[in-house]
Amino acid sequence: MTIRSLLFVPGDRPERFPKAAASGADALILDLEDSVAPENKPAARAAIAAWLGGDRPVRSFVRINPLDSEHVRADLAAVIGARPDGLVLPKAQGAASVWQLVEIAGRDCPPILPIASETPAAVFGLGSYGEAAERLAGLTWGAEDLPAAIGAATSRNPDGSYTQPYEVVRALTLFGAHAAGVAAIETVYPDIADTAGLEAYVARGRRDGFTGMMAIHPAQVAIINAGFSPSEAEVAHARAVIAAFAANPGAGALKLDGKMIDRPHLKQAQALLERAGVVAG
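Residues numbered from 1 in each chain as written. Predicted model: local features only at pLDDT ≥ 70, side-chain atom pairs only at ≥ 80, totals over all residues. Heavy atoms only, no water.

**Q** Any chance you could explain the nonpolar core here in plain terms?
**A** As a rule of thumb, nonpolar side chains are buried together in soluble globular proteins. Counting residues in each nonpolar core, the largest one holds 63 residues, and the members touching the most others are Leu-28 and Tyr-129. For Leu-28, the residues in contact, after removing those within four places along its chain, are Leu-7, Phe-17, Ala-20, Ala-21, Trp-51, Val-58, Arg-59, Ser-60 and Phe-61. Counting residues in each nonpolar core, the second largest holds 14 residues, with Val-241, Ala-251, Leu-256 and Leu-266 among its members. (Core = buried A, V, L, I, M, F, W, Y, C linked by side-chain atoms within 4.5 Å. Buried < 20%, exposed > 50% of the residue type's maximum accessible area, 1.4 Å probe, protein only. Contact = heavy atoms within 4.5 Å.)

Rendered as structure tokens:
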């Protein structure tokens, strides 16, 4: 199944790891970057390595520090041997960054999830990730570092929606992921208490073509999982679309339940069942 939810956990708070794993998240992101102060990074590396070396109950990614930081080689030295399920790469700048990380990490480098929009230059590399698609776990973006990098006051309107420049970046990340044939992961929703806002945000993300989302608190996971899971009605409709074309293999367009469907609808139906982890029959 597609990863619907990825829950951030500070790497220097190992007492939170079991609770995060029990949240229902499809994957954890054990963080060595922004949530960990420099003086705490050695302890965080040790805690993450210990978690990865145990009987981990959920897929566990590690967010390392940026490639140009003084910390990245120590991060990789600490965690690669414990075989994380993936690496989250902040401040990624296109496919070249992916290959650079692979070279540093070595042959045991796991799949990589770049955070692909955190610098101005990165925006212009969003179409390049297909060149490294075989090394990717997906593609995601962020709306916090980029405005700081360009001196913008905020990335959001008063109602919480994104301003136009960041809507563009979001869209380019979405299309960059699909062009590369990898999962498109929506960025975090920062207001933990706003469950109604999160539900709307998740629904918008799925509507637009994102396949999952990052979370910053365990309380967000259930809403994210529900929002990115096809409903029984959607699964039944997808099966009906596939069955209709199977019964009419030469048809380019058909009528189903009084509406016209064509080959793009078939492709959508097949993708939905794949995400749901069910078969057409």
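**Q** How should I be thinking about the packing of aromatic side chains in this particular structure?
**A** Tallied over the entire structure, the rule returns four aromatic pairs. Look at Phe-17 and Trp-51: their rings are 5.7 Å apart centre to centre, the planes differ by 75 degrees, and that puts the pair in the edge-to-face class. Here the residue Phe-17 occupies a position in helix 1 (residues 17-21), and Trp-51 occupies one in helix 2 (residues 41-53), the gap between them amounting to 34 residues. A single burial state applies to Phe-17 and to Trp-51, both of which are buried. Judged by centre distance (5.2 Å) and plane angle (50 degrees), the rings of Tyr-189 and Tyr-201 are tilted. (Phe/Tyr/Trp six-rings, centres within 6.5 Å; stacked < 30°, edge-to-face > 60°. Helix = DSSP H or I, 4+ residues; strand = E, 2+ residues; numbered from the N terminus.)

**Q** Is there a simple way to explain the environment of Trp-51 in this structure?
**A** By relative accessible area, which is 16% here, Trp-51 ends up buried. For the pair Trp-51 and Ala-77, spaced 26 residues apart in the sequence, the C-alpha separation amounts to 15 Å. If sequence neighbours within four positions are ignored, Trp-51 has contacts with Phe-17, Pro-18, Ala-21, Leu-28, Leu-30, Arg-56, Pro-57 and Ser-60. Within the local environment of Trp-51, its side chain forms a polar contact with the side chain of Ser-60, the two groups lying 3.1 Å apart. (Polar contact = N/O pair within 3.5 Å; in protein donor to acceptor, adjacent residues only side chain to side chain.)

**Q** Would you explain the pattern of salt bridges in this entry?
**A** Two side chains that carry opposite charge are able to pair once their charged atoms sit near each other. Applying the stated criterion across every chain, the model contains 14 salt bridges. Where Arg-63 meets Glu-33, a salt bridge forms, and the shortest distance between an N and an O atom there is 3.3 Å. Linking Arg-63 in strand 3 (residues 59-63) with Glu-33 in the loop between strand 2 (27-31) and helix 2, this pair joins segments that are 30 residues apart in sequence. Residue Arg-63 shares its accessibility class with Glu-33, and that shared class is buried. The partner of Lys-91 in a salt bridge is Asp-145, and the shortest N-O contact between them spans 3.0 Å. Of this pair, Lys-91 sits in the loop between strand 4 (86-89) and helix 4 (95-105) while Asp-145 is found in helix 6 (residues 145-150), placing the two residues 54 residues apart along the sequence. Residue classification places Lys-91 among the partly exposed positions, given a relative accessible area of 24%. Using a relative accessible area of 22% as the deciding quantity, one classes Asp-145 as partly exposed. Several salt bridges share partner residues, and in doing so they unite Asp-31, Glu-33, Arg-63, Lys-91 and Asp-145 into one network. (Salt bridge = Lys/Arg side-chain N within 4 Å of Asp/Glu carboxyl O.)

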